[in-house]
Amino acid sequence: DIQMTQSPSSLSASVGDRVTITCRASQGIRNYLAWFQQKPGKAPKSLIYAASSLHSGVPSRFSGSGSGTDFTLTISSLQPEDFAIYYCQQYNTYPRTFGQGTKVEIK
Amino acid sequence: QVQLVQSGAEVKKPGASVKVSCRISGYTLSEISMYWVRQAPGKGFEWMGNFDPEEGEDGEAIYAQKFQGRITMIEDTSTDTAYMELSSLRSEDTAVYYCGFAINMLQGVGYWGQGTLVTVSS
């Protein structure tokens, strides 16, 4: 199985900060990488697919990059509603696997 | 408007089965690939299976190895409702179960249901 490793596991940031989360795959997954946001008690929300494409309705402050094994999610200017847990997921190979999550907290 | 509406919370005894439903609108089941994932309390996500239109002649359900023999994903295209049945439940199956769908395999899951809590307890 492909292991997805996110870093950091958690971070504290202020409104307006630029935040970057990384996701590393244990083997190449081309660009079949998605990012999700989850708030407490809520269903996940899809942010990015194919490593860098935004789903409809996702604010442009979110961006993704990477290919192969190394990927990043960037929030250019953190907003109060962005405090949440972020997960990456590879969908290049079965079984589909998720990162362990990165919790973005208020500083 | 795209919606996925899942069935309500369930409490089951060990050894029982549970069947979670997911009714979609805004698309039809024939247009999408349905995914099922779960999230145990305080944990991350675990992929359970999905329908892959690129597998086999007409597409087929692909299941996670750990659920093989216990999971069945079925689709009722007349009502655009998908079902996930998990049998031989044990306490470790206590989790929130989510359906989600992809409109094509490149985009991955774009839409999610609200989740169904399944509690397995004697």
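Conventions adopted
Residues numbered from 1 in each chain as written. Chains lettered and ligands numbered in written order. Predicted model: local features only at pLDDT ≥ 70, side-chain atom pairs only at ≥ 80, totals over all residues. Heavy atoms only, no water. Helix = DSSP H or I, 4+ residues; strand = E, 2+ residues; numbered from the N terminus. Buried < 20%, exposed > 50% of the residue type's maximum accessible area, 1.4 Å probe, protein only. Polar contact = N/O pair within 3.5 Å; in protein donor to acceptor, adjacent residues only side chain to side chain. Pairing = 2+ DSSP bridges. Axes fitted to C-alpha atoms, helices over the stretch in contact; angles between N-to-C directions. Contact = heavy atoms within 4.5 Å. Buried area = accessible area lost by both parts, 1.4 Å probe. Salt bridge = Lys/Arg side-chain N within 4 Å of Asp/Glu carboxyl O. Nonpolar A, V, L, I, M, F, W, Y, C, P; charged D, E, K, R; others polar.

1. Let's talk about the side chain of B:Gln39
All names here are of chain B.
Turning to step 1, where the next piece is worked out: By secondary structure assignment, the location of Gln39 is in strand S4 (residues 33-39).
Turning to step 2, where the next piece is worked out: Accessibility expressed as a relative area gives 10% for Gln39, which makes it buried.
Turning to step 3, where the next piece is worked out: Reaching out from Gln39, the side chain makes a polar contact with the backbone oxygen of Lys43 at a distance of 2.9 Å.

2. Remarks on the sheet that holds strand S8 (residues 81-86) of chain B
All names here are of chain B.
Turning to step 1, where the next piece is worked out: On the basis of which strands lie adjacent, the open sheet formed by four strands has the order S1-S3-S8-S7 and antiparallel pairing. Each edge of the open sheet carries a strand with a single partner, namely strand S1 (3-6) and strand S7 (71-76). Across the sheet, the mean angle separating the axes of adjacent strands is 20° when strand polarity is ignored.
Turning to step 2, where the next piece is worked out: Sheet analysis places S1 next to strand S3 (residues 18-25), joined by four bridges and oriented antiparallel. Bridge assignment links Gln6 to a residue of S3, and that residue is Cys22.

3. So, the sheet that holds strand S3 (residues 19-25) of chain A
Residues and elements named next belong to chain A.
Turning to step 1, where the next piece is worked out: Taken together, the four strands give an open sheet; going across it, the order is S1-S3-S8-S7, and neighbouring strands pair in antiparallel fashion. Looking at which strands have only one partner, the edges of the open sheet turn out to be strand S1 (4-7) and strand S7 (62-67). Geometrically, the sheet is characterised by an average inter-axis angle of 15° between neighbouring strands, direction not taken into account.
Turning to step 2, where the next piece is worked out: Bridge count between S3 and strand S8 (residues 70-75): six bridges; the pairing is antiparallel. Its bridge partner being in S8, Arg24 is matched across the sheet by Asp70.

4. Describing the interface of chain B and chain A
Turning to step 1, where the next piece is worked out: With 23 residues of chain B at the interface, the matching set in chain A holds 17 residues.
Turning to step 2, where the next piece is worked out: When the two sides are added together, the surface that chain B and chain A hide from each other amounts to roughly 1600 Å², 64% of it contributed by carbon and sulfur.
Turning to step 3, where the next piece is worked out: The three residues of chain B that bury the most area against chain A are B:Phe45, B:Trp47 and B:Trp112, which together make up 37% of that side's buried surface.
Turning to step 4, where the next piece is worked out: Seen at the junction of chain B and chain A, the total is zero salt bridges.
Turning to step 5, where the next piece is worked out: In this structure, the connection of chain B to chain A is made through eight residue pairs in polar contact (both at pLDDT 80 or more).
Turning to step 6, where the next piece is worked out: Broken down by element, the residue count for the side of chain B that touches chain A peaks at five residues, all from strand S5 (residues 45-52) of chain B.
Turning to step 7, where the next piece is worked out: The class makeup of the residues in the side of chain B that touches chain A is 11 nonpolar, eight polar and four charged.

5. Points about the environment of B:Lys13
All names here are of chain B.
Turning to step 1, where the next piece is worked out: The topology assignment puts Lys13 in the loop between strand S2 (10-12) and S3.
Turning to step 2, where the next piece is worked out: Lys13 sits 77 residues away from Arg90 along the chain, and the two C-alpha atoms are 7.8 Å apart.
Turning to step 3, where the next piece is worked out: Setting aside anything within four residues of it in sequence, one finds Lys13 in contact with Leu89, Val120, Ser121 and Ser122.

None of this, on its own, says anything about what the molecule does.
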